[in-house]
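Listed below, chain by chain, are the residues.
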Amino acid sequence: MSDVELALGPILIGGLGNYTFTGLFNGAQNLTLSGVGSKTFSGTVGGTTAIGTGTRAAITMSGGDVTFGALTTASGLSSTTANVIFNGAVALGNGDTVTTLNRNVTFNNATFTSTDDVFFGDDGADQITLLGGLGVGGLANYTFSGAVNGGFGITLGGSGVKTFEGEVGTLAPGSEVTGFTQVAGSGLVVFEGNVETSAGNTFNGSVTLSGISFLAGGATNLGDSSADIIILDTGGVTLRGAGAYTVNGALTGVRTLTLDDAGTKTFASTANIAGFAQVDGTGMATFQGNVTIRPSGWNRNGHFSRQRDHLRGVHLQQFGDLERDDVFGWRPHHLG
């Protein structure tokens, strides 16, 4: 189909048939895509004139799958029942509507920039699939409610909070995300479901880990410096995998951090948490900043249990049970 200009609106495209738009698609009108047929936009959408009026959703979708290449809108997107595929750069304007994509979402070498908040999926049953890399940025907060899988990386930029409510990379062997890159100076990243990455990760800002297991196949940095905060929230957290972990940010939270698998764990800044627990036979743990162990507030004593550690110029403050082995010459006792 040749170029399309939306002159008067709102515009409805629907019915039983499949639609393919290969040319340019422009117009400052709101667009509704409905019906069981698929809608494919292989040309640039909104490149000359952004789609939408800036009031309500620029594009409202239901029914069959919708596929976009490059896309520019004057406001957010809405999908109630349609799966949406993004194959290019997406720029969402500062309208009056957040983006809510309440079904499956697929990214194939896509970048997403938005001022208003963005929601991918609306529950854990939705699938967020990477067929290529994904980058997000802008002022928006991003929430990934669905499970995220696919052998590609995710770059997290922009000032908004990025929250992964579902699990990442755990669907099946080979579905692991290759890794995360958090741009320095960007907003907080929050993980609320288990994470598996096949390679390393670079988090250059603050990160919250909420009662999850994080498994990394390569070297992983949590925080760029002590100015960043690494928060243990909601429940105990486990660091796993063959990759070495370097926690550059200040570690805090009334939760226990479990250290598992072969990767070494280096804590370059301070730690103020409920306790550390290291699984027998796992990699070396090195502490380069002061460590404070505090009760969790759940009627548990904090604890520091370990077979082999390095402490370099560290002040260790303990509120609860302290357990060390003969490497340090300390035995379990109660500080009270």
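Heads up: the structure comes first, above all this text.
Because the structure is a prediction, the values reported are computed rather than measured.

Participant: Is there a simple way to think about the packing of aromatic side chains in this case?
Facilitator: Pairs of aromatic rings are described using the distance from one ring centre to the other and the angle between the two planes. Considering all chains together, one arrives at 26 aromatic pairs under this definition. Ring centres 6.2 Å apart and planes at 5° place the aromatic pair Tyr 19 and Phe 21 in the stacked group. You can call Tyr 19 partly exposed: its relative accessible area is 26%. Here the aromatic rings of Phe 112 and Tyr 142 are separated by 6.5 Å at their centres, their planes lie at 85°, and the arrangement is edge-to-face. Placement of the pair is Phe 112 in strand S15 (residues 110-114) and Tyr 142 in strand S19 (residues 142-144), with a sequence separation of 30 residues. Take Phe 112 and Tyr 142: they sit in the same class, and that class is buried.

Participant: Honestly, the side chain of Ser 114 in this entry has me stumped. Any pointers?
Facilitator: The topology assignment puts Ser 114 in strand S15. On the basis of relative accessible area, Ser 114 is assigned to the buried category, the value being 3%. Those residues in contact with Ser 114 that lie beyond four places of it in its chain are Leu 92, Gly 137, Gly 138, Leu 139, Ala 140 and Tyr 142.

Participant: Help me understand the sheet that holds strand S20 (residues 147-149) in this model?
Facilitator: Picture the strands of a sheet paired through backbone hydrogen bonds; they go either parallel or antiparallel. Read across the open sheet, the seven strands follow the order S3-S6-S8-S11-S14-S17-S20; overall the sheet is parallel. A strand with exactly one partner marks an edge of an open sheet, and here the two such strands are strand S3 (19-21) and S20. Between one strand axis and the next, the sheet turns through 10° on average, direction left out of account. Bridging between S3 and strand S6 (residues 39-41) involves three bridges; their strand directions are parallel. Residue pairing across strands places Thr 20 opposite Thr 40, the latter belonging to S6.

Reading the values: rules and limits
- Along each chain, numbering runs from 1 in the same order as the chain's sequence is written.
- Restriction of local features to residues with pLDDT of at least 70 applies here, the model being predicted, together with a cutoff of 80 or more for giving and counting side-chain atom pairs; totals for whole chains, interfaces and linings are based on all residues.
- Side-chain calculation: all heavy atoms of the structure are included, whereas hydrogens and water are not.
- Ring pairs shown here join Phe, Tyr and Trp side chains whose ring centres sit within 6.5 Å, with only the six-membered ring taken for Trp; geometry is labelled stacked below 30 degrees between planes, edge-to-face above 60, and tilted in between.
- Relative accessible area decides the class of each residue, using a 1.4 Å probe on protein chains only: under 20% of the type maximum gives buried, over 50% gives exposed, and in between gives partly exposed.
- Helix and strand labels come from DSSP, where a helix needs a run of H or I of at least four residues and a strand needs a run of E of at least two; each type is numbered from the N terminus.
- The contact rule is simple, with two residues in contact once any of their heavy atoms fall within 4.5 Å.
- Strands qualify as paired when DSSP identifies two bridges or more between them.
- Convention adopted: a line fitted to C-alpha atoms gives each axis, helices being fitted over their contacting stretch, and angles between N-to-C directions are expressed from 0 to 180 degrees.

Just distances and angles here, no functional claims.
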